[in-house]
Amino acid sequence: MPRKKTDKFVVLRDNEVVTHLVPGLFPAGRQSEWTEQNRTITFALHPLSTRVAIAVAGKQPSECLSKKTPVFEQDQVVHVCGMAALPDERLPFVNDTHAVFAALQGIMEAAGGEAAGELVAVGIDGLLRMSALYREAMLRQVRVLQEAGAPSEFIVSEIETFQSMHAVWHLLEIIYLTTNMPGLSISIVPHFMEWLNLNFPAPSSEDGQRIVDSLGTESLALNTDLWPYLKKLALRGHVATLANMLERVAPAQELSSSAARWARDIARVARDMPLGSNEETSGSFNARWRRWNEELQNTVSAIDSLISGGKQPEANDAELESLYAIADVMRGNADAISAESKSWQDMLGAILLYSEPTSQADRLPSLAGIMVEQFQASEFSVLDRALVALLNHELPEFLVYCNQIDTWLSAHISDLMDHISILDMCRATFAVDPREHYLLALGESYLSHENLWRVGLDYLGLIGSQAGNSVMEEYAMRIPLESDTKAQQVLRMCDKFKLLRAKDRIHRQLGRQKWQRGRLGAAISHFAQVSDRRAVGQICDQLWDEYLATGELSYGPTIDGVMASGLRHDRLQFLTKYRDFHECYKVGEFADAGKILLHILLSEIAPPYAIADLLVDAIPLLEGDELVFDSDATFELMRCAETLLTQPPPASGTVDQGEMSIFSVACARNLARSFLV
């Protein structure tokens, strides 16, 4: 027999799985030599998992080769390799988000009606809570990966993937849920800035602390990171931190008097930046904003006059020029913002914050188009393309990019889009329903994982489509049932999603397995679940045959367990009543034993081949000292015997004529006695 060797290998790179066996199946650089020696590689894929069996084998059968052809040791080794498409690090995330997904489907199903009606019933707040649970799971996964120890290439890639997923999800939540409250006019600016600083954090707090620590030890001329850092603070709207930093910079000896003065002035203006609130009217806020912006305009003009006046030292004052750039960004100058922005996200955030602080979500497409034109779209990452498509409400393209980021993202975000009634505009573009397509692909990818097959089945069932149910049923019928626990789990899934065909097949399969292993009670239970009366009858016949062969009623516990479950079957009732007959006879309760025996015969629950044995069992009662059967009961026994003798012999054997003669004499004697009583 070939020896089985298990190798694990997975290298994920650019969405492709590259497989490696170490050591290799044949020496490196000797492929041609092995090919000439009748060597090749053969493999077999497991039908329900990502495992593959790989082995070196001959191109031709050994019988067709000369005896001089060598036998290789590799021919005796089978490598069972696992191509794990889903890393173990993702298992907690998958399980957590599956629970959220299932809860969301339950909530929407309870709401009932069409998608728009469901949205009204559940409410934006309800969907926001569910969306927040998804985002918490993504951020938690990022933290887990960051704390995993030394970052490998895989860990870094996973962190980047989950951060991208969160950025996409968070922006969709802001556009279609947070700022889409019925009856409210909500500015998107504070939410967009929150999104920007959470998902693309800059400048880092570590850089800021390092610069603050260096202010007392380094000259401003040597601190090359200071002014770019301050400009970044202004660009991202961190005005409080900017004001604190400028106040610490102003007393520096290297700073000119003009620069120190305007540093303090810009710090004061930054602290006075108006912030909107729900209690304030838009008119009041706009008036405050105009006054604040005019003050910045005056500051920019004053600094510009100093720089362009040609007087020394202001004309060549680098710090003053940096202060001018900061003030120019804060007053909303698009050219200044563009010059300082390193990404379109930075530019869009600064334009919204300083130029259009009351903009709503419908303003994003036109602004995004202007921003993107100033950057090389050909150099955009998949994340950039997904975000731009979302800002432009190009949802079909957005879903395609989401799928390139991760299949989990496309599946769950299309589900959320369906619940908030924005997926319909995609359905005309796609050849198939996008929600069904992406969820189906995700569910199928989980089926092959030994710890996620139940999650995969649940996803397929919760799709709520015929395609999902068909795939789920076909897979359920082919799951290896290694244990009773797993079998019960599969059957519960079948009950949950009404997979009647799979349930029928699984019960029959389990029934045959239990039957072969001698667990007849369990086998009867499985066959009874699918109303397989023929199989139940055959097992009962086997129990009867064992009794006839051994003379011992050993099937009592088996029958009791089955009958306790509420199962009713003629053969089961026959065996139960016959067991009761023997127990009464054994303790000398002959009258009760006779009643039970007569009931078995008259109710016709006994199989035809057992009638003769039952009549023989009646002989001791007919011949006993106690009159058990009265005349009517005796006539019924004689009628049963007559019916037995006038019909063809039962399939299991012939009737013993000698025993039937003894039975007839016993009936005649008992009948005579009954007339005298």
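Residues numbered from 1 in each chain as written. Predicted model: local features only at pLDDT ≥ 70, side-chain atom pairs only at ≥ 80, totals over all residues. Heavy atoms only, no water.

As for the overall build of the protein chain
What counts here: Labels follow the DSSP assignment, with helices taken as runs of H or I lasting at least four residues and strands as runs of E lasting at least two, numbered in each case from the N terminus. Relative accessible area decides the class of each residue, using a 1.4 Å probe on protein chains only: under 20% of the type maximum gives buried, over 50% gives exposed, and in between gives partly exposed. Residues count as neighbours in contact if any of their non-hydrogen atoms are within 4.5 Å of one another.
Secondary structure summary: the protein chain contains 31 helices and six strands in total. The buried share of the protein chain, reckoned over its 677 residues, is 46%. Contacts spanning at least 24 positions in sequence make up 64% of the contacts within the protein chain whose residues lie at least 6 apart.

Thoughts on unusual backbone geometry
Residue Pro203 is bonded to the preceding Ala202 through a cis peptide linkage, with omega at -10°. Positive phi values are uncommon outside glycine, yet Lys498 reaches one of about 55°. Take Lys498: it is sitting in the loop between α22 (484–497) and α23 (500–516). In this structure Lys498 comes out as exposed when scored by relative accessible area, which is 65%. Backbone geometry places Ser531, a non-glycine residue, at a positive phi of 55°. In this structure, Ser531 sits in the loop between α24 (520–529) and α25 (533–550).

Some points on the packing of helix α7 (residues 226–236) against helix α11 (residues 318–330)
What counts, and what does not: Axis angles are defined between N-to-C directions and span 0 to 180 degrees, where every axis is a line fitted to C-alpha atoms and, for a helix, only to the segment in contact. These descriptions rest on fixed angle ranges, namely under 35 degrees for roughly parallel, over 145 for roughly antiparallel, 65 to 115 for roughly perpendicular, and the rest for oblique. All residues other than Ala, Val, Leu, Ile, Met, Phe, Trp, Tyr, Cys, Pro, Asp, Glu, Lys and Arg, Gly among them, are scored as polar; the first ten of these are nonpolar and the last four charged.
The N-to-C vectors of α7 and α11 enclose an angle of 10°; their axes lie 9 Å apart at closest approach. Relative to α11, α7 is oriented roughly parallel. Every residue of α11 that contacts α7 at Trp227, Leu230, Lys231, Ala234 and Leu235 is listed here: Glu319, Ser322, Leu323, Ala325, Ile326, Val329 and Met330. Class assignment for the residues of the contact of α7 with α11 results in nine nonpolar, one polar and two charged.

Description of the nonpolar core
Across soluble globular proteins, you tend to see nonpolar side chains buried next to one another. To be explicit about the condition: Only buried residues count toward a nonpolar core, which is a set of Ala, Val, Leu, Ile, Met, Phe, Trp, Tyr and Cys residues joined through side-chain atoms within 4.5 Å. These domain limits were set by an automatic method or by a database of domain assignments.
Grouped together as the largest cluster of nonpolar side chains are 145 residues, with contacts concentrated most on Val168, Leu230, Met330, Phe398, Trp408, Ile413 and Met417. In terms of residue count, the dominant contributor to this core is helix α4 (residues 153–178) (13 residues). Both domains that meet at this core, namely domain 2 (201–342) and domain 3 (448–517), each give it at least three residues. Residue contacts for Leu230: discarding those within four places in its chain leaves Leu242, Met245, Leu246 and Ile326. Grouped together as the second largest cluster of nonpolar side chains are 48 residues, Ile559, Cys584, Ile600 and Ala633 included.

Some details on the packing of aromatic side chains
In this description, a pair of aromatic rings is defined by centroid distance and the angle of the planes. For clarity, the threshold we go by: Any two of the Phe, Tyr and Trp rings considered here, Trp counted by its six-membered ring, make a pair once their centres fall within 6.5 Å; the pair's planes then place it as stacked at under 30 degrees, edge-to-face at over 60, or tilted in between. As a reminder, the over-ring test applies to NZ of lysine and CZ of arginine, requiring each to be within 6 Å of the ring centre and within 35 degrees of the ring normal.
On inspection of all chains with the given rule, the structure shows 20 aromatic pairs. Arranged with centres 5.9 Å apart and planes meeting at 75°, the rings of Tyr134 and Trp408 form a pair that is edge-to-face. You can see Tyr134 sitting in helix α3 (residues 115–146) and its partner Trp408 sitting in helix α17 (residues 407–419), a full 274 residues away along the chain. Note on accessibility: Tyr134 and Trp408 belong to one class, buried. With a centroid separation of 6.0 Å and an interplanar angle of 40°, the aromatic rings of Phe574 and Tyr578 are classed as tilted. Of this pair, Phe574 and Tyr578 both sit in helix α27 (residues 570–586), four residues apart, which is roughly one turn of the helix. Taken as a pair, Phe574 and Tyr578 share a single burial class, namely buried. In this structure, Arg261 packs its charged tip against the face of Trp262, placed 4.3 Å from the ring centre. Here Arg454 stacks its cationic end above the ring of Trp453, 5.7 Å away from the centre of that ring.

Some words on the side chain of Ser414
Here Ser414 shows up in helix α17. Discounting residues that sit within four places of it in the chain, Ser414 has contacts with Leu399, Leu409, Leu423, Pro434, Arg435 and Tyr438.

Re the pattern of salt bridges
Where charged atoms from two side chains of opposite charge approach closely, those side chains can pair. For clarity, the cut-off: Think of a salt bridge as a Lys or Arg side-chain nitrogen and an Asp or Glu carboxyl oxygen that are within 4 Å of each other.
This structure, assessed with the given rule, holds 35 salt bridges. Measuring nitrogen to oxygen at the nearest pair gives 2.9 Å for the salt bridge that ties Glu158 to Arg90. Here Arg90 lies in the loop between β6 (77–82) and α2 (91–111) and Glu158 lies in helix α4, a separation of 68 residues in the sequence. Overall, the relative accessible area of 6% leaves Glu158 in the buried class.

With respect to a nonpolar patch on the surface
Note the threshold: Grouping into patches uses exposed residues only, defined as over 30% relative accessible area, and leaves out salt-bridged ones; the cut-off is 9 Å for like charges and 5 Å for nonpolar side chains (Val, Leu, Ile, Met, Phe, Trp, Tyr). Values of accessible area rely on a 1.4 Å probe in the Shrake-Rupley scheme; residue burial ignores everything except the protein chains shown.
Judged by side-chain polarity, Phe635, Met638 and Phe675 come together as a nonpolar surface patch covering roughly 320 Å² of accessible area. Positionally, Phe675 belongs in helix α31 (residues 657–676).

Points about the packing of α27 against helix α28 (residues 590–603)
Stated precisely, the cut-off is as follows: Here a crossing is taken to be left-handed if its near helix is turned anticlockwise relative to the far helix by less than a right angle, and right-handed if that turn runs clockwise.
For the pair α27 and α28, interaxial distance at closest approach is 8 Å and the crossing angle is 160°. With respect to their mutual orientation, α27 and α28 come out roughly antiparallel. Here α27 runs over α28; the crossing is left-handed. Residues Phe574, Lys577, Tyr578, Asp580, Phe581, Cys584 and Tyr585 of α27 form the contact with α28, whose participating residues are Phe590, Asp592, Ala593, Ile596, Leu597, His599 and Ile600.

Focus: α17
For clarity, the cut-off: One less than the number of residues in a helix, times 1.5 Å, gives the span that helix is expected to have. Distance and chemistry together define a polar contact, namely a pair of N or O atoms within 3.5 Å, with one atom able to donate a hydrogen and the other to accept it when in protein, and with adjacent residues in sequence counting only for side-chain atoms on both sides.
Look at α17: 19 Å from first C-alpha to last across 13 residues, which is about the 18 Å you get at 1.5 Å a residue. Counting buried positions over the 13 residues of α17 gives twelve, a clear majority of the element. Listed as buried for α17 are Trp408, Leu409, Ser410, Ala411, His412, Ile413, Ser414, Asp415, Leu416, Met417, Asp418 and His419. If you check the start of α17, you find a side-chain oxygen 2.9 Å away from the backbone N of Trp408, and it comes from Asp406. Directly beyond the C-terminal end of α17, a positive phi value near 65° is found at Ser421.

Concerning the confidence of the model for the protein chain
The following threshold applies: What pLDDT conveys is the predictor's confidence in a given residue, as a value from 0 to 100.
On average, the protein chain scores 82 in pLDDT, and the residues at 70 or more come to 83%. For residues 1–20, every residue scores under 50 in pLDDT, and the model assigns this stretch 41 contacts once sequence neighbours within four places are set aside.

As for the side chain of Ser187
With respect to the helices and strands, Ser187 occurs in the loop between α4 and α5 (189–199). A distance of 3.3 Å separates a polar atom in the side chain of Ser187 from the backbone oxygen of Ser359. Once you skip the residues sitting within four places of it in the chain, Ser187 turns out to touch Thr179, Pro357, Thr358 and Ser359.

Some thoughts on helix α30 (residues 631–646)
Every α-helix carries 3.6 residues per turn, so stepping three or four residues along brings you back to the same face. We count it as follows: Think of the arc as the fan of directions from the helix axis to the C-beta atoms.
Over its 16 residues, α30 extends 22 Å from the first C-alpha to the last, a length consistent with the 22 Å expected when each residue adds 1.5 Å. Those residues of α30 lying buried are Ala633, Thr634, Leu637, Cys640, Ala641 and Leu644. Taken around the axis of α30, the buried residues stretch over an arc of 120°, which confines them to a single face. Away from the buried face of α30 by more than 90 degrees, exposed residues Asp632, Glu642 and Thr646 are located. As for α30, its buried residues are in contact with α28, α29 (611–623) and α31. Structurally, the start of α30 carries an N-cap: the backbone nitrogen of Asp632 is 3.3 Å from a side-chain oxygen of Asp630.

A closer look at the environment of Arg533
Mapped onto the elements of the fold, Arg533 is located in helix α25. Apart from the residues lying within four places of it in its own chain, the contact partners of Arg533 are Arg568, His569 and Asp570.

Re the environment of Ala240
Its location among the elements puts Ala240 in helix α8 (residues 239–249). When its relative accessible area of 45% is taken as the criterion, Ala240 is described as partly exposed. Considering only alpha carbons, one finds Ala240 and Ala267, 27 residues apart in sequence, at a separation of 8.3 Å.

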